[in-house]
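Read off the chains here:
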Amino acid sequence: MAEPTHPGDEAAPGTPGTGENWCRTCGGSGRIETGACPDCGGTGKVVEGIGGA
Ligand SMILES: [Zn+2]
């Protein structure tokens, strides 16, 4: 059940110790030059661990 929803996600939404952050690949726009951002699925946000490097 706790599977990342996008390639750029490190964890599923709501996972303890993680939170939403801007997608670095697209800078939060959800788009890259060639189209929708593959890492965040076009949402501009990814889920990643908090407090890590
Ligand atoms: Zn993105």
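Residues numbered from 1 in each chain as written. Predicted model: local features only at pLDDT ≥ 70, side-chain atom pairs only at ≥ 80, totals over all residues. Heavy atoms only, no water.

### Considering the overall build of the protein chain
Link 1 in the chain: Regarding its fold elements, the protein chain presents zero helices and four strands.
Link 2 in the chain: Start at the N end of the protein chain and walk to the C end: the helices and strands fall as β-β-β-β.
Link 3 in the chain: Rg of the C-alpha trace for the protein chain: 11 Å, near the compact-globule value of 10 Å for 53 residues, within the 12% margin.
Link 4 in the chain: For the protein chain, the spread of C-alpha atoms along the principal axes amounts to about 35 × 25 × 15 Å.
Link 5 in the chain: Just so you have it, the protein chain exposes about 3,700 Å², and 52% of that area is on carbon and sulfur atoms. (Helix = DSSP H or I, 4+ residues; strand = E, 2+ residues; numbered from the N terminus. Rg over C-alpha atoms; globule rule 2.2 N^0.38 Å. Areas by Shrake-Rupley, 256 points an atom, 1.4 Å probe, with all protein chains shown as cover.)

### So, the coordination of the zinc ion
Link 1 in the chain: Protein coordination at the zinc ion comes from Cys23 (SG), Cys26 (SG), Cys37 (SG) and Cys40 (SG), with a distance range of 2.3 Å.
Link 2 in the chain: Seen from the zinc ion, its four donor atoms lie at angles of 105 to 116 degrees, and the figure they make is tetrahedral.
Link 3 in the chain: Each donor residue of the zinc ion belongs to the same chain, and together they define the spacing C-x2-C-x10-C-x2-C. (Donors = N, O, S within 2.8 Å, 3.2 Å for Na, K, Ca; no water. Tetrahedral: all angles 85-135°; square planar, octahedral: opposite > 155°, others 65-115°.)

### Looking at the environment of Gly19
Link 1 in the chain: Along the chain, Gly19 falls in strand S1 (residues 18-22).
Link 2 in the chain: On the basis of relative accessible area, Gly19 is assigned to the buried category, the value being 17%.
Link 3 in the chain: On a C-alpha basis, the gap between Gly19 and Glu48 in space is 5.7 Å, while along the polypeptide they are 29 residues apart.
Link 4 in the chain: When neighbours within four sequence positions are excluded, Gly19 is seen to be in contact with Val46, Val47, Glu48 and Ile50. (Buried < 20%, exposed > 50% of the residue type's maximum accessible area, 1.4 Å probe, protein only. Contact = heavy atoms within 4.5 Å.)

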